[in-house]
Amino acid sequence: STSAALEDQALKMLNDLKDQIKDTNAKVKVGVVIFNKVANVTEFKDLATEYDAIEAAIKQDISSGTNTHAGLLAGKAMLDKDVTVQADRKYLIFVSDGITYMYNAEPTATAWSWQGDSVQKFAGPENWNSKYATNEPPADWMSWLKTVKAQVNQQGTQYEYPYGGTSINVTPVEKAAMYANSIDKALYLTYMEYQAAVTEGYHCYAMTATPTEGGEYKW
């Protein structure tokens, strides 16, 4: 999930790498995952011979929603299934503005209710401020993760529904702070999938997609 400027930087990095391996026997394969509501996958291409296809994959114009969990699920799955390469020679580079409010490979949301001008239950980036009364990140991410993990485990999937679909069960509005909303679960699952890639032994890097680090949604 990134911008044209970041796409150009990524392509320059790949061009530089392509030049470095030109006179060696090194083989570099590049897979691309662009994620909006779902992960859009371009399978591994040879950097030396299929650069144009890699560039086209990076420059795909895909928008509408950001499902970071789906992106990481797809990226890790690509690395997992390539059994011809050792784990310590695999790299996962995750580029995002950090904003996410849906999760799972098939976009899923939590029907979390809160009191606005009336009772609301839609999933979107506004949910963070609706629950925490700020758009600032937590002062202590690990403490936040511990709390959200407990909330996610306690409520299970009973309040979930396909993103864009119709919700059936809704969290009680009078206890909004006690329930994980779509942002909470999406960020939590994104974190867990990233750590799963680290545990596999892959070299993992997370990079912000914009110089403002998400603008008003700094979480």
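Residues numbered from 1 in each chain as written. Predicted model: local features only at pLDDT ≥ 70, side-chain atom pairs only at ≥ 80, totals over all residues. Heavy atoms only, no water.

### Regarding the pattern of salt bridges
Convention followed: Each reported salt bridge corresponds to a side-chain nitrogen of Lys or Arg within 4 Å of a carboxyl oxygen of Asp or Glu. Only runs of H or I of at least four residues qualify as helices and only runs of E of at least two qualify as strands under DSSP, and these elements are numbered from the N terminus. Only protein chains enter the area calculation, which uses a 1.4 Å probe; residues under 20% of their type maximum are buried, those over 50% are exposed, and those in between are partly exposed.
This structure, assessed with the given rule, holds 11 salt bridges. A salt bridge links D82 to K29, with the nearest nitrogen and oxygen atoms 2.6 Å apart. With D82 in the loop between α3 (68-81) and β3 (91-96) and K29 in strand β1 (residues 29-35), the pair connects residues that are 53 residues apart, well separated along the chain. Owing to a relative accessible area of 13%, D82 belongs among the buried residues under this scheme. For K29, a relative accessible area of 35% puts it in the partly exposed group. Its salt-bridge partner being K76, residue E200 comes within 3.8 Å of it at the nearest N-O pair. With E200 in the loop between α6 (182-199) and β8 (203-208) and K76 in helix α3, this pair connects stretches of sequence that are 124 residues apart. On the accessibility criterion, E200 (41% relative accessible area) is partly exposed. Three or more residues joined by partner-sharing salt bridges are found here, namely K76, D80 and E200.

### Points about α3
To keep it simple, the criterion reads: Expected helix span is given by 1.5 Å per residue-to-residue step, counting one fewer step than there are residues. Whether two residues touch is decided by their heavy atoms; if any such pair falls within 4.5 Å, the residues are in contact.
Spanning 14 residues, α3 covers 20 Å between terminal C-alpha atoms, matching the ideal 20 Å at 1.5 Å per step. Buried residues dominate α3, accounting for 10 of its 14 residues. Among the residues making up α3, those that are buried are T68, H69, A70, G71, L72, A74, G75, K76, M78 and L79. Close packing links the buried residues of α3 with β1, β2 (39-46), β3 and α6.

### Concerning the nonpolar core
Heads up, the condition is: Joining through side-chain atoms within 4.5 Å is the link that ties buried Ala, Val, Leu, Ile, Met, Phe, Trp, Tyr and Cys residues into a set, and such a set is a nonpolar core.
Membership of the largest hydrophobic core comes to 17 residues, with the highest contact counts inside it found for W128, W144, I183, L187, Y188 and W219. Residue assignment for this core shows that the elements contributing at least two residues are α5 (141-155) and α6. Broken down by element, the residue count for this core peaks at 5 residues, all from α6. Membership of the second largest hydrophobic core comes to 12 residues, among which are V33, F35, F94 and Y194.

### Some details on the packing of aromatic side chains
Selection rule: Two rings from Phe, Tyr or Trp (for Trp, the six-membered ring) form a pair when their centres sit within 6.5 Å of each other. Planes less than 30 degrees apart are called stacked, planes more than 60 degrees apart edge-to-face, and all others tilted.
Inspection of every chain in the model, using the stated rule, returns 11 aromatic pairs. When the ring of W141 is compared with that of W144, the centres are 5.1 Å apart and the planes differ by 85°; the resulting orientation is edge-to-face. You can see W141 and its partner W144 sitting in helix α5, 3 residues apart, about one turn around the helix. When its relative accessible area of 34% is taken as the criterion, W141 is described as partly exposed.

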